[in-house]
Amino acid sequence: MATEPLRLRLLKALQTALEEITPANGYATDLTGAVFRGRTTFGDTDPLPLVSILEAPDPINPLISPRDSGDQKGNWALLIQGFAVDDMDHPTDPAYVLMADVIKRLAIEKKKLTDYKVFGSALGKFINNIELGTRVVRPPDDSSNKAYFNLSIILDVVESLTDPYED
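All values reported here derive from a predicted model rather than from experimental measurement.

1. Quick look at the pairing of strand β3 (residues 71-83)
Logical step 1: Pairing of strand β2 (residues 50-55) with β3, which is carried by six bridges, proceeds in the antiparallel orientation. Each bridged residue has a counterpart across the sheet, and for Val51 the counterpart in β3 is Gly82.
Logical step 2: The sheet contact formed by β3 and strand β5 (residues 148-160) spans 13 bridges and is antiparallel. Within β5, the residue paired with Gln72 across the bridge is Glu159.

Below is the structure:
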């Protein structure tokens, strides 16, 4: 039996997948040690570029499951934020590159859906689909002194309500 709830294990698996974004793996960006979960505040001591995985502030209502079912299927909305290195002439260019690498890595996971191996074979059976949603790139502003992107993703998750630690 797992010692962490399914959703936390999925977030950690997503983090591991995004940390595979390195030049050695064919990407322009190196996110080794620069992917965080649940952080909204970063400072001068944090690496750049970096990515943070958050739950979307507005959750999506799950599908209604049968009365006698202990399982539920529904969409889990996540937000991936990426913060890029500075480019004084074209501030958003590095954020577009970083976002493209994240999208490429997520697309690789999406292709694994048919084999139930998305984010590792043990967790693949819980995810029916990965949808990439809206994406926005912004220059430095009141929210961040670095150019950044926001990328929404939706995981179609099937989970046990009676056993959130299900393997």
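What follows picks up the thread again.
2. Describing the nonpolar core
Logical step 1: The biggest cluster of nonpolar side chains holds 42 residues, and the ones touching the most others in it are Leu18, Ile80, Val102 and Phe119.
Logical step 2: Going through the elements one at a time, α1 (6-18), β1 (35-37), β2, β3, α2 (93-111), β4 (127-138) and β5 are the ones with two or more residues in this core.
Logical step 3: It is α1 that contributes the most residues to this core, seven residues altogether.
Logical step 4: In contact with Leu18, other than residues within four places in its own chain, are Leu31, Val35, Val51, Ile53, Ile80, Val102, Arg105 and Leu106.

3. Examining the sheet that holds β1
Logical step 1: Pairing is mixed across the open sheet formed by five strands, whose spatial order is β1-β2-β3-β5-β4. Every interior strand has two partners, whereas the edge strands, β1 and β4, have only one. Across this sheet, the average inter-strand angle for adjacent strands is 20°, counted without regard to direction.
Logical step 2: Packing against the sheet, α2 makes contact with β2, β3, β4 and β5, and its axis sits at approximately 175° to β4.

4. A look at the packing of aromatic side chains
Logical step 1: Using the criterion set out here, one finds three aromatic pairs in the structure.
Logical step 2: Ring geometry for Phe36 versus Phe42: centroids 5.5 Å apart, planes at 55°, classification tilted.
Logical step 3: Seen from their ring centres, Phe42 and Phe83 are 5.7 Å apart, and the 50° between their planes marks the pair as tilted. In this pair, Phe42 sits in the loop between β1 and β2 while Phe83 sits in strand β3, placing the two residues 41 residues apart along the sequence.
Logical step 4: The class for Phe42 is partly exposed, based on a relative accessible area of 23%.
Logical step 5: The ring of Phe36 is capped by Arg39, whose NZ or CZ atom sits 4.7 Å from the centre of that ring.

5. Some remarks on the side chain of Ser160
Logical step 1: Looking at the secondary structure, you find Ser160 in strand β5.
Logical step 2: Within polar-contact distance, the side chain of Ser160 engages the side chain of Thr162 at 3.2 Å.
Logical step 3: A distance of 2.9 Å separates a polar side-chain atom of Ser160 from the backbone nitrogen of Asp163.
Logical step 4: Among all residues touching Ser160, those that are not within four sequence positions of it are Gly70, Asp71 and Glu166.

6. Quick look at the environment of Ser69
Logical step 1: Structurally, the position occupied by Ser69 is in the loop between β2 and β3.
Logical step 2: We classify Ser69 as partly exposed; its relative accessible area is 29%.
Logical step 3: Along the primary structure Ser69 and Asp163 are separated by 94 residues, whereas in three dimensions their C-alpha atoms are 12 Å apart.

How each quantity is defined
Residues numbered from 1 in each chain as written. Predicted model: local features only at pLDDT ≥ 70, side-chain atom pairs only at ≥ 80, totals over all residues. Heavy atoms only, no water. Pairing = 2+ DSSP bridges. Helix = DSSP H or I, 4+ residues; strand = E, 2+ residues; numbered from the N terminus. Core = buried A, V, L, I, M, F, W, Y, C linked by side-chain atoms within 4.5 Å. Buried < 20%, exposed > 50% of the residue type's maximum accessible area, 1.4 Å probe, protein only. Contact = heavy atoms within 4.5 Å. Axes fitted to C-alpha atoms, helices over the stretch in contact; angles between N-to-C directions. Phe/Tyr/Trp six-rings, centres within 6.5 Å; stacked < 30°, edge-to-face > 60°. Lys NZ or Arg CZ within 6 Å of the ring centre and 35° of its normal. Polar contact = N/O pair within 3.5 Å; in protein donor to acceptor, adjacent residues only side chain to side chain.

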